[in-house]
Amino acid sequence: MEKILYGAKKYRFKGNMHCHSTLSDGKYSPEELKEMYKSHGYDILAITDHERPYDHQALSDPEFLMITGYECYIRPSGCYNKYDREIHLNLFAREPENLN
């Protein structure tokens, strides 16, 4: 049964909106992450690798939604400094293929 995200029929979904893959500093590939989360009853996964969005919608299927997103940083100095503070934001694409 295909799950409906919006509309008259509303369902509850189990999702993770922040994890990293081997495309940044994660331990598992996007494909492995999808299978791991799906096997644990998740419906939605946003892989939010560092500083660059990746389109993972090819991994979506009728029962599992991959969301395009990434983790960006706001740094007061504009450059990485492990002693300076920074803000981490997770951003999600309205259109999954939009990597800008």
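What you are looking at is a predicted structure, and each value in this text was computed from that prediction instead of being measured.

> Would you mind going over helix H1 (residues 30-39) in detail, with residue names and values included?
Along an α-helix, residues three or four apart share an orientation, since each turn contains 3.6 residues. Looking only at H1, the buried set comprises Pro30, Leu33, Lys34 and Tyr37. For H1, the angular spread of the buried residues around the axis is 100°, confining them to a single face. Residues of H1 that are buried in the fold lie against strand E1 (15-19), strand E2 (44-47) and strand E3 (65-74). Directly after H1, the chain includes Gly41, whose backbone phi takes a positive value near 85°.

> Tell me what's going on with the pattern of salt bridges, and back it up with residues and numbers.
Under the definition given, this model contains 3 salt bridges. For Lys38, the salt bridge identified is with Asp61, shortest N-O distance 2.6 Å. With Lys38 in helix H1 and Asp61 in the loop between E2 and E3, this pair connects stretches of sequence that are 23 residues apart. On the basis of relative accessibility, which here comes to 24%, the residue Asp61 falls in the partly exposed class. The partner of Glu86 in a salt bridge is Arg75, and the shortest N-O contact between them spans 2.7 Å. Of this pair, Glu86 sits in the loop between E3 and strand E4 (87-92) while Arg75 sits in the loop between E3 and E4; the two residues are 11 residues apart in sequence, bridging distant segments of the chain. Relative accessible area serves as the criterion here: at 25%, Arg75 is assigned to the partly exposed category. The structure contains a network of salt bridges with shared partners spanning Lys34, Lys38 and Asp61.

> Break down the nonpolar core for me, with residues and values.
By size, the foremost hydrophobic cluster in this structure holds 8 residues: Cys19, Leu33, Tyr37, Leu45, Ile47, Leu59, Phe64 and Met66. Breaking this core down by element, the ones donating at least two residues are H1 and E2.

> Which residues make up the sheet that holds E3, and what are the values?
Across the sheet, which stays open at both edges, the 4 strands sit in the order E1-E2-E3-E4 with mixed pairing between neighbours. Of all strands in the sheet, those with a lone pairing partner are E1 and E4, marking the two edges. Sheet twist, expressed as the mean angle between neighbouring strand axes with direction ignored, is 25°.

Here is what the cut-offs are and how they apply
Residues numbered from 1 in each chain as written. Predicted model: local features only at pLDDT ≥ 70, side-chain atom pairs only at ≥ 80, totals over all residues. Heavy atoms only, no water. Buried < 20%, exposed > 50% of the residue type's maximum accessible area, 1.4 Å probe, protein only. Helix = DSSP H or I, 4+ residues; strand = E, 2+ residues; numbered from the N terminus. Arc of directions from axis to C-beta. Contact = heavy atoms within 4.5 Å. Salt bridge = Lys/Arg side-chain N within 4 Å of Asp/Glu carboxyl O. Core = buried A, V, L, I, M, F, W, Y, C linked by side-chain atoms within 4.5 Å. Pairing = 2+ DSSP bridges. Axes fitted to C-alpha atoms, helices over the stretch in contact; angles between N-to-C directions.

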